[in-house]
Every structure is written in structure tokens, then in C-alpha cells.
Amino acid sequence: MHWCPVCNEFPATTKDYLTHLHSPGHHKMAAAHMEAPWHSVPCMNERFPNYPSAPTKRTPIRGLQFFVPSTAWYCKLCDQFIGDLHCASAHLESIVHSKNYTNFVEQNPHWETDWMSDRQKAFEKSRANAKMEEKPQYTAHTITFCKDGFHTKTQKDSPPPTSST
């Protein structure tokens, strides 16, 4: 049931889906419309005042060495950062996330149906494309010699020639 509409990928498990979101391929595809919903959340940290008329002086920012880079997820539904795969799985199974999802669906009654319809269309298109790519066309040629020269008879979709050893 997992689907990444950005890449049109269908990961088999939740873990595969979460891992896909951090894959280089997904980042490349998503770069054009990367979301940053946390930018609309007011910052909880009070900043030092800034006086435009005051003289400027460069001062070091202290404590930068305590920053740790992380690859995280952000749940737009719950407005929450999740820092690792273990916590992401736990969040998806949490009561808070479940309640927020239920409230969202109640406010958007056609959302699940529309999402499933979009997913099914993309899945069918993906399967059709995969079938076209996986079936190579082989052409068998029968060449016969007659008095008036060589004649070639073509037979489509025959299996590839096998070598006998």
C-alpha cells in the first residue's frame, strides 16, 4: 500500500518507504518541489534583539560544536520531527498520530479514496511500462535458397535461438 508519488515508486514495507525518502534518487526527484512545512511553525527560541542602527561587530556563535547532523523525517500531520527509523516506526504506530490521521480524514472525507485512486492509476501505469521493458522482441529468420536467390521468412515473437552444446 506504500507509494511515493514524487518518484512513482511502490516500496513493499514501511521501512522500505522511509528509507526511500532518504535515497539519492528521491532527493533528486524531489528537489524541484522540496517541502519545508516546519518553516511556517513559529520558532520557539527567543533571539537576541537586533538594532539596525547599532554598529555591527562579528561575534562567534557559541555552542555550534553541539550540533549533530541527522537525516530525519517531519510528520506534517503531527508537526513533529522524527530523528531515526526506530522513532519513525514508533511514531507511525502512536495514538497521537492515529488520532491526527482520523481527524484529518474526518475533515477531508474523500482524501483516502482519492489517494487510493491516484495510487492505483500510477501502479497500473508502472506495471504496464515494466511489462513493455521486460519483454524483448525476438525475430526468427528462416533463410532458404532457391534457384532465383535467397528468400527470408520472418516470424515475430518466437523465442530466442538456443545454442545446443
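If you're wondering where the values come from, they're calculated on a predicted model, not measured in any experiment. (Residues numbered from 1 in each chain as written. Predicted model: local features only at pLDDT ≥ 70, side-chain atom pairs only at ≥ 80, totals over all residues. Heavy atoms only, no water.)

*Asks:* Honestly, the overall build of the chain in this entry has me stumped. Any pointers?
*Replies:* A count of helical and extended segments in the chain gives 5 helices and 4 strands. Beginning at the N terminus, the succession of helices and strands in the chain can be written as α-α-β-β-α-α-α-β-β. Looking at the chain residue by residue over its 165 residues, the buried ones come to 13%. If you take every contact in the chain between residues at least 6 apart in sequence, the share linking residues at least 24 apart comes to 31%. (Helix = DSSP H or I, 4+ residues; strand = E, 2+ residues; numbered from the N terminus. Buried < 20%, exposed > 50% of the residue type's maximum accessible area, 1.4 Å probe, protein only. Contact = heavy atoms within 4.5 Å.)

*Asks:* Help me understand the state of the cysteines, please; the structure alone is not making it clear to me.
*Replies:* A covalent bond between the sulfur atoms of two cysteines is referred to as a disulfide. Tallied over the full model, the rule gives 0 disulfides. Looking at Cys-7, it has no disulfide partner, and the nearest cysteine sulfur is the one in Cys-4, 4.0 Å off. Relative accessible area serves as the criterion here: at 15%, Cys-7 is assigned to the buried category. (Disulfide = S-S within 2.5 Å.)

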